[in-house]
Amino acid sequence: MRVLHVGAEIFPLVKTGGLADVLGALPQALIGQGADVRLLLPGLPAIADAVLHQKIVAEIGPSFGAARITLRLGQMPYSHVPAYVIDAPFLYRRPGSPYQASDGSEWPDNAQRFALLGWVGAHLASGELDPTWQPELLHAHDWHAAMACAYLAAHPPASTATVFTVHNLAYQGLFPSGDFPLLGLSSRFMASTGLEYHQQVSFMKAGLKFAQRVTTVSPTYAREIGTHEFGFGLDGVIRGRGADVSGVLNGVDGAVWDPSTDAGIAARYSAVQLAGKARCKQALQAELGLAPRADAPVFGVVSRLTSQKGLDLVLGALPGLLRRGGQLALQGAGDAALEAAFLAAAKAHPGEVAVRIGYDEALAHRLIAGADAILVPSRFEPCGLTQLYGLRYGTLPVVRRVGGLADTVVDASDDALQADRATGFTFDAATPAALDAALQRASTLYAQPERWRRLMARAMAQDFSWDGAAQKYVALYRDLIRPK
Ligand code: ADP
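Residues numbered from 1 in each chain as written. Predicted model: local features only at pLDDT ≥ 70, side-chain atom pairs only at ≥ 80, totals over all residues. Heavy atoms only, no water.

1. Looking at the packing of helix H10 (residues 311–323) against helix H11 (residues 336–348)
Where H10 meets H11, the axes come as close as 11 Å, and the angle between the chain directions of the two elements is 25 degrees. Classified by the interaxial angle, the pair formed by H10 and H11 is roughly parallel. Read as a crossing pair, H10 and H11 show a hand that is left-handed. Residues Leu311, Asp312, Val314, Leu315 and Leu318 of H10 form the contact with H11, whose participating residues are Leu338, Ala341, Phe342 and Ala345. Classifying every residue of the contact of H10 with H11 by side-chain character gives eight nonpolar, no polar and one charged. (Axes fitted to C-alpha atoms, helices over the stretch in contact; angles between N-to-C directions. Helix = DSSP H or I, 4+ residues; strand = E, 2+ residues; numbered from the N terminus. Parallel < 35°, antiparallel > 145°, perpendicular 65-115°, else oblique. Left-handed = near helix turned anticlockwise from the far one by under 90°. Contact = heavy atoms within 4.5 Å. Nonpolar A, V, L, I, M, F, W, Y, C, P; charged D, E, K, R; others polar.)

2. Some details on the domain arrangement of the protein
When its domains are assigned, the protein resolves into domain 1 (2–251 + 467–481) and domain 2 (275–463). Facing 20 residues of domain 1, the contacting portion of domain 2 comprises 19 residues. Carbon and sulfur atoms supply 60% of the area buried between domain 1 and domain 2, which totals about 1,400 Å² over both sides. Inspection of the region where domain 1 meets domain 2 yields one salt bridge. Summed over the shared surface of domain 1 and domain 2, the number is seven residue pairs in polar contact (both at pLDDT 80 or more). Every element with two or more residues in the side of domain 1 that touches domain 2 is listed here: helix H1 (18–32) and helix H7 (219–224). Top contributing element to the side of domain 1 that touches domain 2 by residue count: H7, with four residues. Partitioned by chemical class, the residues of the side of domain 1 that touches domain 2 number nine nonpolar, eight polar and three charged. (Domains from an automatic or database assignment. Buried area = accessible area lost by both parts, 1.4 Å probe. Salt bridge = Lys/Arg side-chain N within 4 Å of Asp/Glu carboxyl O. Polar contact = N/O pair within 3.5 Å; in protein donor to acceptor, adjacent residues only side chain to side chain.)

3. Section: the packing of H10 against helix H16 (residues 432–446)
Following both chains from N to C, one finds H10 and H16 inclined at 45 degrees, their axes separated by 8 Å at the closest point. It follows from the interaxial angle that H10 and H16 lie oblique. When the axes of H10 and H16 are compared, the crossing they make is right-handed. Judged by residue contacts, Leu313, Val314, Gly316, Ala317, Gly320 and Leu321 of H10 engage Pro432, Leu435, Asp436 and Leu439 from H16. Of the residues in the contact of H10 with H16, the class split is seven nonpolar, two polar and one charged.

4. A short note on the site of the ligand
By nearness alone, 20 residues border the ligand, and Lys15, Gly18, Arg304, Lys309 and Gly358 come closest of all. In the model, an oxygen atom of the ligand is placed 2.8 Å from a nitrogen or oxygen of the Lys15 side chain. Between the ligand and Asp360 there is a distance of 3.1 Å, counted from a nitrogen atom to a backbone nitrogen or oxygen. With the chains in place, 94% of the 560 Å² that the ligand exposes on its own is no longer accessible. Looking at the shell around the ligand, the elements with two or more residues in it are H1, strand E13 (298–305), strand E14 (327–334), helix H12 (361–370) and helix H13 (386–392). Tallying contributions element by element places E13 first for the shell around the ligand, with three residues. Partitioned by chemical class, the residues of the shell around the ligand number five nonpolar, nine polar and six charged. (Near = heavy atom within 4 Å. Areas by Shrake-Rupley, 256 points an atom, 1.4 Å probe, with all protein chains shown as cover.)

5. A few points about the sheet that holds strand E18 (residues 425–427)
Read from one edge of the open sheet, six strands run E15-E14-E13-E16-E17-E18, paired in parallel fashion. Of all strands in the sheet, those bounded by a partner on one side alone are strand E15 (353–357) and E18. Pairs of neighbouring strands in the sheet enclose a mean axial angle of 15 degrees, with direction left out of account. Bridge count between strand E16 (residues 373–376) and strand E17 (residues 396–400): four bridges; the pairing is parallel. Within E17, the residue paired with Leu375 across the bridge is Val398. (Pairing = 2+ DSSP bridges.)

6. Observations regarding the environment of Gly226
On the secondary structure map, Gly226 appears in the loop between H7 and helix H8 (235–240). Once residues lying within four places of it in the same chain are set aside, the contact partners of Gly226 are Asp235, Ile238 and Arg239.

7. Digging into the pattern of salt bridges
A full pass over the atoms with the stated rule returns 23 salt bridges. The partner of Arg401 in a salt bridge is Asp428, and the shortest N-O contact between them spans 3.0 Å. Of this pair, Arg401 sits in the loop between E17 and helix H14 (403–408) while Asp428 sits in the loop between E18 and H16, placing them 27 residues apart in sequence. The exposure class assigned to Arg401 is partly exposed, which follows from its relative accessible area of 47%. Taken together, the salt bridges that share partners define one network made up of Lys15, Asp21 and Glu361. (Buried < 20%, exposed > 50% of the residue type's maximum accessible area, 1.4 Å probe, protein only.)

8. What about H1?
With 15 residues, H1 should cover 21 Å at 1.5 Å per step; its first-to-last C-alpha distance of 21 Å lies within 8% of that length. The sharpest bend along H1 reaches about 25 degrees and sits at Leu26, with the proline Pro27 one to four residues further on. The element H1 is extensively covered by neighbouring structure, given that eleven of its 15 residues are classed as buried. Buried residues of H1: Leu19, Ala20, Asp21, Val22, Leu23, Gly24, Ala25, Leu26, Pro27, Ala29 and Leu30, and no others. Where H1 is buried, its residues touch strand E1 (2–6), strand E2 (36–42), strand E6 (137–141), helix H5 (142–154), H13 and helix H18 (466–481). Trailing H1 by a residue or two, Gly34 shows a phi angle of about 95 degrees, which is positive. (Expected span 1.5 Å × (residues − 1). Bend = angle between axes of the 7 residues up to and from the residue.)

9. A word on unusual backbone geometry
A cis geometry characterises the amide bond from Phe11 onward to Pro12, with omega recorded as 0 degrees. By the secondary structure assignment, Pro12 is in the loop between E1 and H1. For Tyr78, which is not glycine, the phi torsion reads 70 degrees and is therefore positive. Along the polypeptide, Tyr78 turns up in the loop between strand E4 (69–75) and strand E5 (82–87). With a relative accessible area of 65%, Tyr78 lands in the exposed category.

10. Regarding the packing of aromatic side chains
Overall, the coordinates contain 16 aromatic pairs when judged by the stated rule. For the pair Phe114 and Trp143, a centre-to-centre distance of 5.2 Å together with 75 degrees between the ring planes defines the contact as edge-to-face. Placement of the pair is Phe114 in helix H4 (residues 110–125) and Trp143 in helix H5, with a sequence separation of 29 residues. When its relative accessible area of 1% is taken as the criterion, Phe114 is described as buried. Classification of Trp143 as buried rests on a relative accessible area of 6%. Ring centres of Trp143 and Phe175 lie 5.8 Å apart, and the angle between their planes is 65 degrees; this geometry places the pair in the edge-to-face category. A residue pair is termed long-range when its members are at least 10 positions apart, and Trp143 in helix H5 and Phe175 in strand E8 (residues 174–176) qualify at 32 residues. Put simply, the rings of Tyr99, Phe114, Trp143, Phe175 and Phe203 pair up and form one aromatic cluster. If you follow Arg94 out to its NZ or CZ, it ends over the ring of Trp107, 4.8 Å from the centre. (Phe/Tyr/Trp six-rings, centres within 6.5 Å; stacked < 30°, edge-to-face > 60°. Lys NZ or Arg CZ within 6 Å of the ring centre and 35° of its normal.)

As structure tokens, this is what we get:
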């Protein structure tokens with residue numbers, strides 16, 4: 001089966017969150033299942049300059065405000081997955097984030113920038129841009145790629161199936177209605193049955209309305225987004241799709257995240273050879289200026305600092321964590337008030353709280369390897385990857401029981417402990433007190449090394465591989481591609 005994946009970011013070239021990890025790993029896993037997969041990516045500098053052996057496939061005339069657009073086909077570095085790159089310097093050759101200027105404001109022409117991505121996806125799918133390869137199915141990721149589904153609906157080639165994956169419903173690609181004429185769609189699309197959302201244009205709705213199937217990145221989040229609490233105003237649209245909405249849990253890229261082969265951590269270790277983990281902890285405490293106490297449970301955080309991630313709860317639960325002798329190691333960037341609050345906490349508790357503001361992939365590995373537990377107290381979490389990395393590294397997750405966190409962490413309740421099923425700690429209410437209670441349970445078990453090691457072994461034995469996820473996507477694709 002020929003499948004085109006369309007998305008805006010891809011690990012390790014451009015990454016603002018878990019979406020990049022998915023696009024960096026899933027295509028290869030699908031190829032492993034026998035699928036013929038290609039990528040379509042915007043020519044952001046880090047992508048356009050890194051994709052190997054690029055050859056021109058099509059010259060596209062002036063559109064979406066760009067005078068010159070060239071479609072090239074090359075290969076991803078590392079994975080060698082074939083990748084189409086849209087070379088449109090006027091729209092894409094900008095430094096920094098794919099979505100925002102350096103002052104944090106959205107690029108003013110994001111509607112054109114990501115409409116182009118969808119437009120090229122749709123025209124590749126219809127066979128107009130590359131006569132040598134036509135996908136049977138187009139898989140669009142998040143609002144950035146969602147317009148592909150609308151353009152295909154506008155000029156449907158009978159043969160192309162479509163899947164749209166929601167990686168995070170909070171980011172919807174909303175634009176003023178005045179931008180609609182820039183999209184080149186007939187006015188019937190600017191209706192509540194189409195892209196219109198409270199007199200604005202919603203790219204997310206293009207995917208939700210026009211893709212044949214909608215998936216999201218965990219089964220629980222697939223149920224949650226049909227509710228008022230988690231639907232960000234689109235729960236009605238999602239409920240309207242009924243059984244077309246499903247969840248496939250993300251995997252972990254074992255080539256990148258594996259403590260037995262990770263060259264970037266102080267010592268390699270595995271479930272049967274755990275000595276290296278203690279060395280990683282020592283190294284982390286030394287690196288971050290934490291007191292070198294082997295008996296202090298180190299609670300780690302690697303996260304975007306946004307209200308989604310619930311890190312204000314960590315600030316609220318910090319006094320209890322410290323009172324019980326714990327340490328906090330946080331790495332993150334985002335909301336200025338949260339950054340300032342964590343820096344102030346580090347200043348107030350030298351040697352016990354360490355905070356590194358910024359985005360640093362290598363430090364993320366050292367932190368997850370060196371910490372004893374990883375905190376993910378999210379208000380909502382489509383899948384969450386850091387808790388999966390934590391499980392793999394024997395760094396027990398302490399998570400709020402929502403979305404993918406609920407699907408991947410088994411709470412250390414008495415029953416689960418007895419049945420040897422527990423892999424971490426979960427809590428329900430989004431309050432500092434509820435997090436504190438979970439942290440307290442973690443500290444109590446941490447003080448019983450034999451029981452903690454059992455939990456680590458169980459956590460490290462979990463298998464969240466991309467192969468399992470890829471099999472589920474292939475089954476879904478088969479359903480849609482099957483001759484009708
Ligand atoms: P989201 O996509 O909502 O940010 P996920 O848990 O799905 O959350 O994915 C986050 C990814 O980004 C993980 O790979 C995590 O390790 C990484 N990450 C988040 N913040 C940082 C940071 N400050 N430095 C390095 N990696 C980070």
